[in-house]
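Each chain, written out:
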Amino acid sequence: METILIRTEKATSWHDEAGRLRGLVNHEGYVPIRARLAVEDLEFLATARTELLRLSELGLRLLDLHQPRDAGGITSDTAHPILRCRSCMWRWPCPTFRAMAESFGTVRDLPESA
């Protein structure tokens, strides 16, 4: 993971360029361009697809492991039982789920009190 992070930080962001290049797509579906790429950009692009697939797979596996379940305790609010993570048994949402939700900008699954 650290190698991916270091390689990604060294590469140039293509976010702004991608927006401009979309307007240059020809009738064959390609953008005929010449680009000057640094070695770091080439290293990043060479492995980006594989690394993103692996990272996505890891994220989905972690989310599958860290899901809420009823803690089974006595509560005065039966409509909202106490939930715990089925993997680490921390109170829901667990630190792993919270960190992933914050990293990916998905806070819709977090309760308001969290």
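Residues numbered from 1 in each chain as written. Predicted model: local features only at pLDDT ≥ 70, side-chain atom pairs only at ≥ 80, totals over all residues. Heavy atoms only, no water.

**Here's the deal with the overall build of the protein chain**
- Scanning the protein chain from N- to C-terminus turns up four helices and two strands.
- Starting at the N terminus and walking to the C terminus, you meet the elements of the protein chain as α-α-α-β-β-α.
- Burial statistics for the protein chain: of 114 residues in total, 13% are counted as buried.
- For the protein chain, restricting intrachain contacts to residue pairs at least 6 apart in sequence, the fraction spanning at least 24 positions comes to 31%. (Helix = DSSP H or I, 4+ residues; strand = E, 2+ residues; numbered from the N terminus. Buried < 20%, exposed > 50% of the residue type's maximum accessible area, 1.4 Å probe, protein only. Contact = heavy atoms within 4.5 Å.)

**Quick notes on the packing of helix α1 (residues 2–10) against helix α3 (residues 39–65)**
- Running from N to C, α1 and α3 point in directions that differ by 135°, and their axes come no closer than 9 Å. Between α1 and α3, the crossing angle belongs to the class labelled oblique. Both α1 and α3 take part in a crossing whose hand is left-handed. Note on element contacts: α3 touches α1 through E40, E43, F44, T47 and E51, opposite I4, R7, T8 and K10.
- The class makeup of the residues in the contact of α1 with α3 is two nonpolar, two polar and five charged. (Axes fitted to C-alpha atoms, helices over the stretch in contact; angles between N-to-C directions. Parallel < 35°, antiparallel > 145°, perpendicular 65-115°, else oblique. Left-handed = near helix turned anticlockwise from the far one by under 90°. Nonpolar A, V, L, I, M, F, W, Y, C, P; charged D, E, K, R; others polar.)

**Quick notes on α3**
- For α3, built from 27 residues, the straight-helix expectation of 39 Å at 1.5 Å per residue is met to within 8% by its first-to-last C-alpha distance of 38 Å.
- Those residues of α3 lying buried are D41, E51 and G59.
- In this structure, the buried residues of α3 make contact with α1 and α4 (95–103). (Expected span 1.5 Å × (residues − 1).)

**A short note on the packing of aromatic side chains**
- Scanning the model with the defined rule gives one aromatic pair in all.
- Arranged with centres 4.6 Å apart and planes meeting at 45°, the rings of W92 and F97 form a pair that is tilted.
- In this structure W92 comes out as buried when scored by relative accessible area, which is 14%.
- For F97, a relative accessible area of 7% corresponds to the buried category. (Phe/Tyr/Trp six-rings, centres within 6.5 Å; stacked < 30°, edge-to-face > 60°.)

**Some points on the pattern of salt bridges**
- Enumeration according to the criterion identifies three salt bridges in this entry.
- Close ionic contact of R20 with E17 constitutes a salt bridge, the shortest N to O distance being 2.9 Å. On the criterion of helical spacing, the pair formed by R20 and E17 is a turn pair, its members being three residues apart in helix α2 (residues 15–22).
- R20 sits in the exposed class, given a relative accessible area of 54%.
- Given a relative accessible area of 35%, E17 falls into the partly exposed group. (Salt bridge = Lys/Arg side-chain N within 4 Å of Asp/Glu carboxyl O.)

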